[in-house]
Amino acid sequence: MVKLIQSTGKYVGLSHEDPQRHIQNFLEITDTYNYPNVSKDYVRLTLFPFSLLEEAKEWLQKEPANSIHTWDDLARKFLIKFFPTKKTKSLRSQILGFEQRDDETLRQAWERYKKLLRDCPHHCQTDDVLGHTFVDGLDNASKMTLDSSCGGSCMARPYSEIQLLLNNFTTNDHNWQGDGDSRRAIKQKAVGLIELDDVSAMIADIAKLVNQMNKMTMQQTQQMQHVQQMSICCKLCGDSHMSDMCPTNPESIYYVGQQSRGSMNLNAQYENTYNPNWKNHPNFSWGAN
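Sequence positions are assigned chain by chain, starting from 1 and proceeding in written order. Two thresholds apply to this predicted model, a pLDDT of at least 70 for residue-level local features and 80 or more for giving and counting side-chain atom pairs, whereas whole-chain, interface and lining totals are computed over all residues. The side-chain numbers reported here are obtained from all heavy atoms of the structure, hydrogens and water having been left aside.

## A look at the overall build of the protein chain
Then comes step 1: The helix and strand tally for the protein chain stands at 13 helices and zero strands.
Then comes step 2: The helix and strand sequence of the protein chain, counted from the amino end, reads α-α-α-α-α-α-α-α-α-α-α-α-α.
Then comes step 3: For the protein chain, the residues scored as buried account for 25% of the 289 residues in total.
Then comes step 4: Contact between two residues is taken to exist if any of their heavy atoms lie within 4.5 Å; hydrogens are not considered. Restricting to contacts in the protein chain with at least 6 residues of sequence separation, those with at least 24 account for 58%. Per the convention used, a helix needs a DSSP run of H or I reaching at least four residues, while a strand needs a run of E reaching at least two, with both numbered from the N terminus. Burial status follows relative accessibility: with a 1.4 Å probe on protein chains alone, a residue under 20% of its type maximum counts as buried, one over 50% as exposed, and anything between as partly exposed.

Set out below in structure tokens:
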């Protein structure tokens, strides 16, 4: 086994080498044989140092004692050390920002998500985060399918159960591949309803604002009229009218009217007592003199 590993290819740690590909080749060889009463982790941890040379082997020897207990620990630390940092950031962003594509079924989305996890096993995310990230990235139709299969909200289930359920989906392609056209139709219908609801809500909000503005305008107009009425005060009599409209103002037209009405009233008062003989009285005569 050691000779087979060394002849297949050793990892040095150079920039052109692919650490992930090296791990895949290593697992293909070591997983070919099964040893009775010996765990796979023990076989992998024992044989992996024989696949390293120079800088890579020196890195493993400098790791603290008892810091690596499982194969997953070793593989993760190896990738963190030799996997390009820029590529790691890109893959982590794709995992955490995962979204189902428009022309993608639930099975296809799950396969693509698993490939991202395989390409970046050192993503350093917990299972709960991975499960929630995948479910949050699904469209409404796929979420409804997943919820109905779980008998409730799939977000309440642990990631191991969601993973097992999705893996069962992939084993039955024609049942879970789905009709892409019908799924897109359901999605477009759902999006259309959401957009219609948004437009209706916006129209209702605008109408509400218009009503509020009208009420405010009416209140301001009434307040201004009230203030104007309160501010009008005659300087002559103190009543609520302008001075040029006051009956007591000689310059007012209302004053002239009052005087005319006074003269008419005075003539009417003495109309019945007038003596026509008075016109010949010498004291009331209007002679030339």
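We are not done yet, so read on.
## Some thoughts on the pattern of salt bridges
Then comes step 1: The term salt bridge refers to a pairing of a side-chain nitrogen on Lys or Arg with a carboxyl oxygen on Asp or Glu at a separation within 4 Å. Under the counting rule described, the total for this entry stands at seven salt bridges.
Then comes step 2: Across the salt bridge formed by Glu104 and Arg112, the nearest N and O atoms sit 2.7 Å from each other.
Then comes step 3: We classify Glu104 as buried; its relative accessible area is 6%.

## Examining the confidence of the model for the protein chain
Then comes step 1: As a per-residue measure, pLDDT reflects the predictor's confidence and takes values from 0 up to 100. Across the protein chain, the average pLDDT comes to 74, with 65% of residues at or above 70.
Then comes step 2: Here residues 174-182 is modelled with pLDDT under 50, and outside its nearest four sequence neighbours on either side it reaches seven contacts, counting other chains as well.
Then comes step 3: In this model, residues 257-264 is a region of pLDDT below 50 whose contacts with residues beyond four sequence positions or in other chains number one contact.

## Here we look at the packing of helix 6 (residues 85-96) against helix 7 (residues 106-119)
In helix packing, the relevant descriptors are the interaxial angle and the interaxial distance, both defined with respect to the helix axes.
Then comes step 1: Axis angles are defined between N-to-C directions and span 0 to 180 degrees, where every axis is a line fitted to C-alpha atoms and, for a helix, only to the segment in contact. Packing of helix 6 against helix 7 brings their axes to within 10 Å, and their N-to-C directions diverge by 150°. As summarised for this structure, helix 6 and helix 7 are arranged roughly antiparallel, according to the angle between their axes. Helix 6 and helix 7 meet at a crossing whose hand is left-handed. Each of Leu91, Gln94 and Ile95 in helix 6 lies in contact with helix 7, whose residues at this interface are Tyr113, Leu116, Leu117 and Asp119.
Then comes step 2: For this classification, the nonpolar set comprises Ala, Val, Leu, Ile, Met, Phe, Trp, Tyr, Cys and Pro, the charged set comprises Asp, Glu, Lys and Arg, and every other residue, Gly included, is treated as polar. Looking at the contact of helix 6 with helix 7, its residues break down into five nonpolar, one polar and one charged. Just so you know how the angles are binned, under 35 degrees is roughly parallel, over 145 roughly antiparallel, 65 to 115 roughly perpendicular, and the rest oblique. Each crossing is labelled by how the near helix is turned from the far one, with a counterclockwise turn of less than a right angle marking it left-handed and a clockwise turn marking it right-handed.

## Re a nonpolar patch on the surface
Then comes step 1: Taken together, the side chains of Leu4, Tyr33, Tyr35, Val38 and Tyr42 present a nonpolar region at the surface, about 500 Å² in accessible area.
Then comes step 2: Looking at the element boundaries, Val38 is found in the loop between helix 2 (19-30) and helix 3 (40-47). Patch membership requires more than 30% relative accessible area and the absence of a salt bridge. Residues of like charge join within 9 Å; the nonpolar side chains Val, Leu, Ile, Met, Phe, Trp and Tyr join within 5 Å. What sets the accessible areas is the Shrake-Rupley method with a 1.4 Å probe; for residues, cover comes only from the shown protein chains.

## Side note on the environment of Phe98
Then comes step 1: Locating Phe98 in the fold gives a position in the loop between helix 6 and helix 7.
Then comes step 2: With a relative accessible area of 4%, Phe98 lands in the buried category.
Then comes step 3: Ignoring sequence-local partners within four residues, the contact set of Phe98 consists of Ala109, Arg112, Tyr113, Leu116, Thr133, Phe134 and Gly137.

## Some remarks on the nonpolar core
Then comes step 1: Only buried residues count toward a nonpolar core. Its members are Ala, Val, Leu, Ile, Met, Phe, Trp, Tyr and Cys residues joined through side-chain atoms within 4.5 Å. Grouped together as the largest cluster of nonpolar side chains are 41 residues, with contacts concentrated most on Phe78, Tyr113, Phe134, Leu146 and Leu166.
Then comes step 2: The contacts of Tyr113, once residues within four sequence positions are left out, are Ile95, Phe98, Leu130, Thr133 and Phe134.

## Details of helix 3
Every α-helix winds through 3.6 residues per turn, so residues three or four apart in the chain are directed the same way.
Then comes step 1: Of all the positions in helix 3, only Val43, Arg44 and Leu47 are classed as buried. Looking straight down helix 3, one finds that the buried residues subtend no more than 95° of arc, so they occupy a single side.
Then comes step 2: Those residues of helix 3 that are buried are in contact with helix 1 (2-8), helix 2 and helix 5 (71-82). Comment: arc refers to directions from the helix axis out to C-beta atoms.

## Considerations on the packing of aromatic side chains
The geometry of an aromatic ring pair is captured by the separation of the ring centres together with the interplanar angle, meaning the angle of the planes.
Then comes step 1: What counts as a ring pair is set by centres within 6.5 Å for rings of Phe, Tyr and Trp (its six-membered ring), and what kind of pair is set by the plane angle: stacked under 30 degrees, edge-to-face over 60, tilted for all other angles. Enumeration over the complete set of coordinates arrives at 14 aromatic pairs.
Then comes step 2: Considering the side-chain rings of Trp59 and Phe82, the 5.6 Å spacing of their centres and the 80° angle between planes classify their relative orientation as edge-to-face. Of this pair, Trp59 sits in helix 4 (residues 54-61) while Phe82 sits in helix 5, placing them 23 residues apart in sequence. Phe82 matches Trp59 in its accessibility class, with the two residues each being buried.
Then comes step 3: An aromatic cluster is built from Tyr11, Phe26, Phe48, Trp59, Trp71, Phe78 and Phe82, whose rings are joined through pairwise contacts.

## Here's the deal with unusual backbone geometry
Then comes step 1: One non-glycine residue, Asn37, lies in positive phi territory at about 65°.
Then comes step 2: Within the element layout of this structure, Asn37 appears in the loop between helix 2 and helix 3.
Then comes step 3: One non-glycine residue, Asn66, adopts positive backbone phi at about 60°.
Then comes step 4: Mapping Asn66 onto the fold places it in the loop between helix 4 and helix 5.

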